[in-house]
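Here is how the chains run, residue by residue.
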Amino acid sequence: MAEMDFQRLLLQIGQSLDLEEVRALAFLCKDISQRSLNSVEHFSDLCSSLSDQDLLSPDRPQLLQELLHTIQRPRLARDIPLTVQGPRRGLIPPYRKLLYNLYEDITDEDLRNIKFLLNQKLPRRKLDENVKTLELFLEMEQMDLLGQTNLDLLLSIFESVCPVLNEKINRFKQQQVNTVATMSYRADQNQHDLNDNPRSLYGGANVPGWQPLSQSSAQVSIFPPNASVDFPHGLHCHNDTGVLSQHVSDASGTNSYPVTGRTLEISAESTDISKKPMVNVNTETTNIEELESYSMTGDKRGICMIVNNYSFDDKRKREGTKIDQECLDRVFQWLGFEVEVHQDCTGAKMLSVTEQLSSRDHRNMDCVVCCFLSHGQEGSIIGVDGETVSITQLKRLFSGVQCPSLVDKPKLFFIQACQGNAAQQMAIIQTDSPSSCSIESDAAKMEESIPSEADFLLGMATVPSYVSYRERSNGSWYIQALCKNLVQMVPRGLDLVSILTKVNADVSQKTGEGTKKQMPQPAFSLRKKVTFPVPLHPPPNLWP
């Protein structure tokens, strides 16, 4: 896009924003911009400041897109031509987004009560009635009453004024804990890699004086830019790059080696790290923050709708599907979802309940989940009346046009249904496919069910033209593997695509009577990782 066209676009966006929204944008940029934006009142001033700092240009509109999505103005973000759209990299810190989300839910009465409780903490002129919520947050930050790791006062105030908002703060704090836990887990894995095969990290090069690492001689951490991190043994490190830093000791205490994708610093175990030589090697390839995660800081995780077709009009019954439903119900409730179950739906009702779900306001939710347990044909799901509904038709109900409140949020579909009849039914293991369904090998049909818009994930129990298996007493192979791996891998901080890869591996190892096999197939248009926060409650017991 030409510079002049981009400036016209910025002018149009600015004309659509009011003063309060502009100030909100400036507030969200506080930790990004090197300049004070407290006094910004015009969108053009904000754009000029960001442009001067190389944070906004025709080739770099990502920050603007993220800002507009954060203040719930996705239509304005969509006005930016696709030719200049790139991946939004989470430039706005989660802490800043948390404060903005809190501000959105604070009423005028709540604000008056908050100011009253802060009467002894802030000067009275800072509590004037003209001071808005975001301005009050800024004053609290300047007085060191509020910060990313200093939320206790805010929690105490909200407990008296609007306790429901503490759920957002506690969820944010839990995410911080989860992030540290995930980092620790990955650090352990990295250390095992170093111990088992140190040469692999150096492209096979010989490392002079290398000795296997021990727990006491290696500290591995991943931390955000500008974060100060205290390490054990009195070490202290300030990282301004946000890359993975690894501190290890060798036999001599004098060697320092660059590691691909890492910064490897070698020093003696002495806590006086200033006396030891260090090398800090950073390259373009060391940036490990390329792939961000979808935000999971909403008031609610979202709705999980389960359509469970058990009894069909032609007298067929899908034995074992109730076990699948119960497992999905427990797992997704554990993950924080509000679960809704619809039993024995006709084709028309499946479409109707899905349309009703898509028409709701999901602005305060993180995502949506739709699970369909039924018979199926390639590219479609069968209702209890024998009528089919296209998977594409169901998915389109959640497009950005049909469901704007889920723009930039993951839409997750899990479908336990056959996509053909390439295997015969057996006495013990049933297939989720009607006996009248003909065998098809035209994979082009499957293309219709692959998400064509952003932020969709479609988890299919099987590949096109083949059956999926369900055991009468244990439920379906796919749903049971999905539930098991969600319970086991979410606490380890793994993202959903990684979990579904493990589901693929587990289901592919199963064998039915004779040589019957099944291969699930996830398809997605996700632009970020779907990583569920680790629930505070213990995982459900799915298999007594």
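Further up the page is the structure itself.
What counts as what
Residues numbered from 1 in each chain as written. Predicted model: local features only at pLDDT ≥ 70, side-chain atom pairs only at ≥ 80, totals over all residues. Heavy atoms only, no water. Pairing = 2+ DSSP bridges. Helix = DSSP H or I, 4+ residues; strand = E, 2+ residues; numbered from the N terminus. Axes fitted to C-alpha atoms, helices over the stretch in contact; angles between N-to-C directions. Contact = heavy atoms within 4.5 Å. Salt bridge = Lys/Arg side-chain N within 4 Å of Asp/Glu carboxyl O. Buried < 20%, exposed > 50% of the residue type's maximum accessible area, 1.4 Å probe, protein only. Right-handed = clockwise from strand over helix to strand, strands pointing away. Core = buried A, V, L, I, M, F, W, Y, C linked by side-chain atoms within 4.5 Å. Parallel < 35°, antiparallel > 145°, perpendicular 65-115°, else oblique. Left-handed = near helix turned anticlockwise from the far one by under 90°. Nonpolar A, V, L, I, M, F, W, Y, C, P; charged D, E, K, R; others polar. Phe/Tyr/Trp six-rings, centres within 6.5 Å; stacked < 30°, edge-to-face > 60°. Lys NZ or Arg CZ within 6 Å of the ring centre and 35° of its normal.

K.L.:
Which residues make up the sheet that holds strand E12 (residues 411-416), and what values go with them?
P.N.:
One open sheet accounts for six strands, arranged E7-E6-E8-E12-E14-E17; its pairing is mixed. Unpaired on one side and paired on the other, strand E7 (337-343) and strand E17 (521-524) mark the two borders of the sheet. Looking at each pair of strands side by side, their axes are set apart by 15° on average, direction ignored. One ladder, built from seven bridges, connects strand E6 (residues 300-308) with E7; its direction is parallel. Across the sheet, Cys304 pairs through a bridge with Val339, a residue of E7. Relative to the sheet, helix H12 (residues 347-358) contacts E6, E7 and strand E8 (365-373), its axis offset from that of E6 by approximately 175°. Across the sheet, helix H16 (residues 496-508) touches E12, strand E14 (456-460) and E17, and the angle it forms with E17 is around 160°.

K.L.:
Talk me through the pattern of salt bridges; I want residue IDs and the actual numbers.
P.N.:
The tally for this structure, following the rule as stated, stands at 22 salt bridges. Of the charged contacts in the structure, one is a salt bridge between Arg73 and Glu21, with a shortest N-O distance of 2.9 Å. On the criterion of sequence distance, the pair formed by Arg73 in the loop between helix H4 (62-70) and helix H5 (74-78) and Glu21 in helix H2 (residues 19-28) is long-range, its members being 52 residues apart. Judged by its relative accessible area of 17%, Glu21 is buried. Of the charged contacts, one joins Arg60 and Asp54 as a salt bridge, the two residues approaching to 3.2 Å between their closest N and O atoms. When salt bridges with common partners are traced through the structure, they connect Glu292, Asp408, Asp455, Arg527 and Lys528 into a single cluster.

K.L.:
Could you give an account of the pairing of E6, naming the residues involved and the relevant values?
P.N.:
Counting buried positions along E6 yields eight of nine residues, so the element is predominantly enclosed. As paired strands, E6 and E8 are joined by eight bridges and run parallel to one another. Among the inter-strand pairings, Gly302 is bridged to a residue of E8, identified as Cys367. Note on the crossover from E6 through helix H11 (residues 321-334) to E7: the handedness is right-handed.

K.L.:
Let's hear about the nonpolar core: which residues, and what values?
P.N.:
Counting 58 residues, the largest nonpolar core has Phe43, Leu102, Leu136, Phe137, Met140, Leu154 and Phe158 as the members making the most contacts within it. In this view, Phe158 contacts Leu102, Ile106, Ile114, Pro163, Leu165, Asn166 and Ile169; residues no more than four positions away in its chain are not counted. Residues Val331, Phe414, Ala461 and Leu482 belong to the second largest nonpolar core, which totals 39 residues.

K.L.:
Can you break down the packing of H2 against helix H8 (residues 133-142) residue by residue, with the values?
P.N.:
At their nearest, the axes of H2 and H8 sit 10 Å apart, and the two run at 25° to each other. If you check the angle between H2 and H8, you find them roughly parallel. In this structure, H2 crosses over H8, and the sense of that crossing is left-handed. Contacts between H2 and H8 involve Arg23, Ala24 and Phe27 from the first element and Leu134, Glu135, Phe137 and Leu138 from the second. Taken together, the residues of the contact of H2 with H8 sort by class into five nonpolar, no polar and two charged.

K.L.:
Provide a residue-level description of the sheet that holds strand E11 (residues 388-390), including the pertinent values.
P.N.:
Spatial strand order, E9-E10-E11: three strands in an open sheet with antiparallel pairing. The open sheet is flanked by strand E9 (375-377) and E11, the only strands paired with a single partner. Put simply, the sheet's adjacent strands are angled 30° from each other on average, direction ignored. Here E9 pairs with strand E10 (residues 380-382) via three bridges, running antiparallel. Among the inter-strand pairings, Gln377 is bridged to a residue of E10, identified as Ser380.

K.L.:
Can you lay out H4 for me, pointing to particular residues and giving the numbers?
P.N.:
Counting buried positions over the nine residues of H4 gives nine, a clear majority of the element. Buried within H4 we find Gln62, Leu63, Leu64, Gln65, Glu66, Leu67, Leu68, His69 and Thr70. Check the buried side of H4 and you find it contacts helix H1 (3-16), H2, helix H3 (43-52), H5 and helix H6 (94-104). Backbone geometry just downstream of H4 places Gln72 in the positive-phi region, at approximately 65°.

K.L.:
Residues and numbers for the packing of aromatic side chains, please.
P.N.:
Taken as a whole, this structure holds six aromatic pairs when the rule is applied. Aromatic pair Phe332 and Phe337: ring centres 5.5 Å apart, planes at 80°, arrangement edge-to-face. Residue classification places Phe337 among the buried positions, given a relative accessible area of 4%. Aromatic side chains Phe332 and Phe414 sit 6.3 Å apart centroid to centroid with 40° between the ring planes, which places their arrangement in the tilted category. A residue pair is termed long-range when its members are at least 10 positions apart, and Phe332 in helix H11 and Phe414 in strand E12 qualify at 82 residues. Here Phe332 and Phe414 have matching classes, each one buried. If you follow Lys322 out to its NZ or CZ, it ends over the ring of Tyr310, 4.6 Å from the centre. Directly above the aromatic system of Phe456 lies the positively charged group of Lys411, at a separation of 5.2 Å from the ring centroid.

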